[in-house]
Amino acid sequence: MSTAKLTLNGKEYELPVIVGSENEVGIDVQQLRAKSGAITYDPGYGNTGACQSAITFIDGDQGILRYRGYPIEQLATQASFVEVCFLLIYGHLPNHNELTNFESELTRHTLLHEDMKKFFEGYPRGAHPMAQLASMIISLSTYYPESESELDLNIIRLIAKIKTLAAFAYKKSIGQPYIYPRNDMSYVADFMHMLFAVPSENYQVNEVVERALNLLLILHADHEQNCSTSTVRMVGSSQADLFASIGAGVCALWGPLHGGANQEVIEMLQMIQDDGANYKKYVDKAKDKNSDFKLFGFGHRVYKNFDPRATILKKSTDEVLHALGMSDPLLEIAKNLEEVALKDPYFVERKLYPNVDFYSGIIYRAIGIPTNMFTVMFALGRLPGWIAHWREMRSDKASRINRPRQVYTGATVRDYQSVFERK
Ligand code: ACO
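Predicted model, so just to flag it, every value in this text is computed and none were measured.

1. A few points about the packing of helix α6 (residues 129-143) against helix α18 (residues 374-395)
With their axes 8 Å apart at the nearest point, α6 and α18 run at an angle of 35 degrees to one another. Judged by residue contacts, P129, M130 and L133 of α6 engage T375, V376 and A379 from α18.

2. Concerning the site of the ligand
As a structural note, the neighbourhood of the ligand is formed by 20 residues, with K294, L295, G297, F298 and R301 the closest of them. Separating an oxygen atom of the ligand from a side-chain N or O atom of H258 is a distance of 2.9 Å. Here the ligand loses 72% of its free accessible area of 920 Å² to cover by the protein chains. Split into classes, the residues belonging to the shell around the ligand amount to ten nonpolar, five polar and five charged.

3. Regarding the domain arrangement of the protein
Each assigned domain of the protein is listed here: domain 1 (3-59) and domain 2 (70-395). Counting residues at the interface gives nine residues for domain 1, matched by twelve residues for domain 2. The interface formed by domain 1 and domain 2 includes zero salt bridges. Summed over the shared surface of domain 1 and domain 2, the number is four residue pairs in polar contact (both at pLDDT 80 or more). Looking at the side of domain 1 that touches domain 2 residue by residue, the classes come out as four nonpolar, five polar and no charged.

4. Regarding unusual backbone geometry
Its identity is not glycine, yet N23 carries a phi of approximately 65 degrees, on the positive side. Inspection of the secondary structure assignment puts N23 in the loop between β2 (11-19) and β3 (25-27). Classification of N23 by relative accessible area gives exposed; the value is 60%. In the Ramachandran plot, R68 falls in the positive-phi region, its phi being about 50 degrees despite a non-glycine side chain. Structurally, R68 can be placed in the loop between β5 (64-67) and β6 (70-71).

5. Here we look at the sheet that holds strand β4 (residues 56-59)
Pairing is antiparallel across the open sheet formed by three strands, whose spatial order is β4-β5-β6. Each end of this open sheet is capped by a strand with a single partner; those strands are β4 and β6. With two bridges joining them, β5 and β6 adopt antiparallel strand pairing. Within β6, the position partnered with Y67 by the bridge is Y70.

6. Some words on empty space enclosed by the protein
Unfilled space is identified by rolling a water-sized probe across the atoms. In the structure shown here, the tally under the stated rule is one cavity of 30 Å³ or more. Estimated volume of the largest cavity: approximately 30 Å³. Lining the largest cavity, in full, are L111, L112, H113, E114, K117, T164, F168, Y180 and P181. Looking at the lining of the largest cavity, its residues break down into five nonpolar, two polar and two charged.

About the cut-offs
- Residues numbered from 1 in each chain as written.
- Predicted model: local features only at pLDDT ≥ 70, side-chain atom pairs only at ≥ 80, totals over all residues.
- Heavy atoms only, no water.
- Axes fitted to C-alpha atoms, helices over the stretch in contact; angles between N-to-C directions.
- Helix = DSSP H or I, 4+ residues; strand = E, 2+ residues; numbered from the N terminus.
- Contact = heavy atoms within 4.5 Å.
- Near = heavy atom within 4 Å.
- Polar contact = N/O pair within 3.5 Å; in protein donor to acceptor, adjacent residues only side chain to side chain.
- Areas by Shrake-Rupley, 256 points an atom, 1.4 Å probe, with all protein chains shown as cover.
- Nonpolar A, V, L, I, M, F, W, Y, C, P; charged D, E, K, R; others polar.
- Domains from an automatic or database assignment.
- Salt bridge = Lys/Arg side-chain N within 4 Å of Asp/Glu carboxyl O.
- Buried < 20%, exposed > 50% of the residue type's maximum accessible area, 1.4 Å probe, protein only.
- Pairing = 2+ DSSP bridges.
- 1 Å grid on protein atoms, 1.4 Å probe; cavity = no way out; pocket = protein on both sides within 12 Å on 5 of 7 lines; lining within 4 Å.
- Points joined across faces, edges and corners; volume = space filled by probe spheres on them.

Here's what the structure looks like:
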């Protein structure tokens, strides 16, 4: 085993080095504080490995993303989302029997307890679907308390029910009656039917839309230790149950710097269009350090070359719009923004490229998904990744409660004074 050496106050410490299956190198600092009294300092955890994981590999410099070894480009064009769920959670692609059983389990557990409808009724009109989704997922633990023997069943329940929860949250927000799940439809088709059908009409699933949604869910399915997945691991590390841990992940995803960016992108493109489509002005604004404005859908903590998911989505956006016979002025603005930004030294020097959220919103719009549901769509896609990480952490003997340290910069010791003595 190789080691790294660290010199602190003239004393040398030898630290073990671990190497991953893709030759990623990590310096193991677990014993550093015990030996030297010092900790490592890394706000935002950009250089901190919090676990060893066999689920997803990313090489941000080369734009590589693989789930369990399979390149995202292959999965995106050949697999179904349900297969990818199985792959991420159980580590291998399902054989025919495994897939049939998994699909049938996912079909049989889609219903919500009827009482849960009362929760939806209690939310005010216009309640954001992400707030509803997070709280409804956590509420599932009141119906299905954790038991070791039902762990796999609760995983099935969660994947099966999340689309019913998401669709009910949407129907609630537009005041339409809930549409119940159907057992004769694929996972993706059933979700679309619950979202778009109305009782008086015979809803037909459009295959172009179904394929597009399948692709979007696969592209979002996992992304190793991102903010929401790390949150799931953080909460789960205290041995909180599956539903509580995933509900926390949904909350972390909601923020505009993470999954909430897809909603921000469309709102930004709309704003640029309303302002005369002057995209150059907004590129300048994003560069201006006196302005808070940033180009949503640009930049990534890990990808410093290109985001392979964005490349796939850009192509797919054109195909979907063409197949649906639609055009979207926001797509033109997005492409122009990308072209200008990619040539601009500010973005080039900082290695800022479009991320997965840059084009996803345009496809969501094309297939009729309202803007406030975009981040919910991301959550549906990311669910298998969160579950896979939660499950991996649970079975990892080296896993401990997550508890970072800090460098304290507050007041040093001082004596309490009564309120009359204080100045
Ligand atoms: N527009 C303008 N400038 C940007 C942008 C952007 N979208 N992103 C980063 N920068 C600049 C920063 O101001 C900083 O400049 P400086 O070095 O002069 O101070 C530099 O690029 C580095 O950026 P950081 O914010 O330090 O990078 P970090 O890794 O912390 O953040 C993040 C990554 C959050 C994705 C950031 O790029 C961002 O805010 N992007 C917009 C939001 C977004 O699209 N989020 C979705 C991410 S993908 C996902 O979650 C699915």
